[in-house]
Amino acid sequence: MAGPNLRRSARLLRRRHQHPRPLRHLHEGGATLLYHGDFDWGGLRIASVLLRCVPWRPWRYTAADYRAAALARPDGPALAGHPAEAPWDPDLRQALLQLAVRVEEETVLDVLLSDLA
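Residues numbered from 1 in each chain as written. Predicted model: local features only at pLDDT ≥ 70, side-chain atom pairs only at ≥ 80, totals over all residues. Heavy atoms only, no water.

What should I look at first to understand a nonpolar patch on the surface in this one?
A contiguous nonpolar patch, built from Leu-109, Leu-113 and Leu-116 and spanning about 300 Å² of accessible area, is present on the exposed surface. On the secondary structure map, Leu-116 appears in helix α6 (residues 109–116). (Patch = residues over 30% accessible without salt bridge, like charges linked within 9 Å, V, L, I, M, F, W, Y side chains within 5 Å. Areas by Shrake-Rupley, 256 points an atom, 1.4 Å probe, with all protein chains shown as cover. Salt bridge = Lys/Arg side-chain N within 4 Å of Asp/Glu carboxyl O. Helix = DSSP H or I, 4+ residues; strand = E, 2+ residues; numbered from the N terminus.)

Right, dumping it as structure tokens:
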């Protein structure tokens, strides 16, 4: 069951879908939007809601990226909750089921920041 923060995030994203917001304007202006989130079921749900609102490409948010991050922290927190789909990468769901390690964005922050250097 989704927690209150996830439900609130999904409501906010749905509201943004109904009314144009900065991300939609950027997309309509030709910007390519990249997205990265937590590698857990809630993270996949939030990403899916956002994907329905505005097109984006995964930024180090694929099955291969998850496997690399999870294998680097095999003692990380266990994945919990109800499985979710990842329409941008159908293999991501299976990878999460296989490795069952939750990887939060903060864990891979150094890798993300290196992309911006």
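After that view, the rundown keeps rolling.
Would you take a moment to explain the packing of helix α4 (residues 63–72) against helix α5 (residues 90–99) for this structure?
The angle between the axes and the distance between the axes are what describe a pair of packed helices. Where α4 contacts α5, the axes come no closer than 8 Å and their chain directions differ by 20°. With respect to α5, the element α4 is oriented roughly parallel. Between α4 and α5 lies a crossing of right-handed hand. Facing Ala-63, Tyr-66, Arg-67, Ala-70 and Leu-71 of α4, the residues of α5 in contact are Asp-91, Leu-92, Ala-95, Leu-96, Gln-98 and Leu-99. (Axes fitted to C-alpha atoms, helices over the stretch in contact; angles between N-to-C directions. Parallel < 35°, antiparallel > 145°, perpendicular 65-115°, else oblique. Left-handed = near helix turned anticlockwise from the far one by under 90°. Contact = heavy atoms within 4.5 Å.)

Where do I start with the packing of aromatic side chains in this structure?
To describe a pair of aromatic rings, you give the distance between the ring centres and the angle between the ring planes. What the rule picks out here adds up to 6 aromatic pairs. Summarising the aromatic geometry, the rings of Phe-39 and Tyr-61 are spaced 5.0 Å apart at their centres and angled 40° between planes, so their arrangement reads as tilted. Of this pair, Phe-39 sits in the loop between β1 (34–35) and α3 (41–53) while Tyr-61 sits in the loop between β2 (57–58) and α4; the two residues are 22 residues apart in sequence, bridging distant segments of the chain. Judged by its relative accessible area of 1%, Phe-39 is buried. Note on Tyr-61 and Trp-88: the rings are 5.3 Å apart at their centroids and 10° apart in plane angle, and the pair reads as stacked. Of the two residues, Tyr-61 is situated in the loop between β2 and α4 and Trp-88 in the loop between α4 and α5; the sequence distance between them amounts to 27 residues. Side by side, Tyr-61 and Trp-88 carry an identical accessibility label, which is buried. (Phe/Tyr/Trp six-rings, centres within 6.5 Å; stacked < 30°, edge-to-face > 60°. Buried < 20%, exposed > 50% of the residue type's maximum accessible area, 1.4 Å probe, protein only.)

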